[in-house]
Amino acid sequence: MELKYLRRFMSVECKKILILDPNTMDVCRLYSDLLRSGFEVESCGCLQEAVERIKNIDFDCIVMDVDIPKIKGYDAVSILKAVDPCLKIIMTSERNDLELEKEVRKQDISYYHIKSFDRRELVEAVRGVCQ
């Protein structure tokens, strides 16, 4: 387990991104296109699958939607961080809602992105958290 965390501190470039979104096919295709240079993008549609992947694969960042099946994304942050405390999390949402944003920002996340905003912001956020 220590080697996994040591690699993070020695790595200069973020290589593996996990997308946790109920619309896995469309969103993963979009994010793969956006992040095509320098990143490997994998996807899953539920928290349980994300936890299993994080246990087995050394992801540098997870981009997750706030609306995932059975649990809100902001409630899932502590579960994911319990599996990998070094994991950087970017939370996304379809809607721009002040109350939702307040709830999301209470969590240990690196960035909050509204999907309808400029997609280049998301790319810069991923690059920024993975430095």
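Here, the structure is the one placed above.
Residues numbered from 1 in each chain as written. Predicted model: local features only at pLDDT ≥ 70, side-chain atom pairs only at ≥ 80, totals over all residues. Heavy atoms only, no water.

Observations regarding the overall build of the protein chain
- Tallying secondary structure elements over the protein chain gives six helices and seven strands in all.
- Mapped in sequence order, the helices and strands of the protein chain form the string α-β-α-β-α-β-β-β-α-β-α-β-α.
- Within the protein chain, the fraction of its 131 residues that count as buried is 45%.
- Intrachain contacts of the protein chain at a sequence separation of at least 6 include 64% that bridge at least 24 residues.
- With an accessible surface of roughly 7300 Å², the protein chain has 52% of that area assigned to carbon and sulfur atoms. (Helix = DSSP H or I, 4+ residues; strand = E, 2+ residues; numbered from the N terminus. Buried < 20%, exposed > 50% of the residue type's maximum accessible area, 1.4 Å probe, protein only. Contact = heavy atoms within 4.5 Å. Areas by Shrake-Rupley, 256 points an atom, 1.4 Å probe, with all protein chains shown as cover.)

Things to note about the nonpolar core
- Grouped together as the largest cluster of nonpolar side chains are 25 residues, with contacts concentrated most on Ile-54, Ile-62, Met-64, Leu-80, Ile-89, Met-91 and Val-104.
- Listed by contribution, the elements that provide at least two residues to this core are strand 1 (16-20), helix 3 (47-56), strand 3 (61-65), helix 4 (73-83), strand 6 (88-93), helix 5 (98-105) and strand 7 (111-114).
- Broken down by element, this core gets its largest block of residues, five residues, from helix 4.
- Leaving out residues up to four positions away in the same chain, Leu-80 has contacts with Leu-47, Ala-50, Val-51, Ile-54, Ile-62, Met-64, Leu-87 and Ile-89.
- Val-41, Cys-61, Leu-122 and Val-123 belong to the second-largest nonpolar core, a separate cluster that totals 16 residues. (Core = buried A, V, L, I, M, F, W, Y, C linked by side-chain atoms within 4.5 Å.)

Topic: the pattern of salt bridges
- Scanning all chains against the criterion turns up 15 salt bridges.
- Note that Arg-53 is salt-bridged to Glu-49, the shortest N-O span being 2.9 Å. Remark: Glu-49 and Arg-53 occur in helix 3; sequence separation between them is four residues, near one turn of the helix.
- On the accessibility criterion, Glu-49 (31% relative accessible area) is partly exposed.
- One salt bridge in this structure joins Lys-106 and Glu-103, with 3.5 Å as the shortest N-O distance. (Salt bridge = Lys/Arg side-chain N within 4 Å of Asp/Glu carboxyl O.)

Observations concerning the sheet that holds strand 6
- Overall, parallel pairing links the five strands, which are arranged 2-1-3-6-7 in an open sheet. Strands with a single pairing partner mark the edges of an open sheet, and in this sheet they are strand 2 (40-44) and strand 7. Along the sheet, successive strands turn relative to each other by an average axial angle of 20°, direction set aside.
- Relative to strand 7, strand 6 runs parallel, the two sharing four bridges. Following the sheet pairing, Ser-93 is matched in strand 7 by Ile-114. (Pairing = 2+ DSSP bridges. Axes fitted to C-alpha atoms, helices over the stretch in contact; angles between N-to-C directions.)

Remarks on the environment of Ile-19
- Among the secondary structure elements, Ile-19 is positioned in strand 1.
- Ile-19 sits in the buried class, given a relative accessible area of 0%.
- Residues Ile-19 and Gly-45 lie 26 residues apart in sequence; the distance between their C-alpha atoms is 8.2 Å.
- Look past the residues within four positions of Ile-19 in its chain and what remains in contact with it is Val-27, Tyr-31, Val-41, Glu-42, Ser-43, Cys-44 and Val-63.

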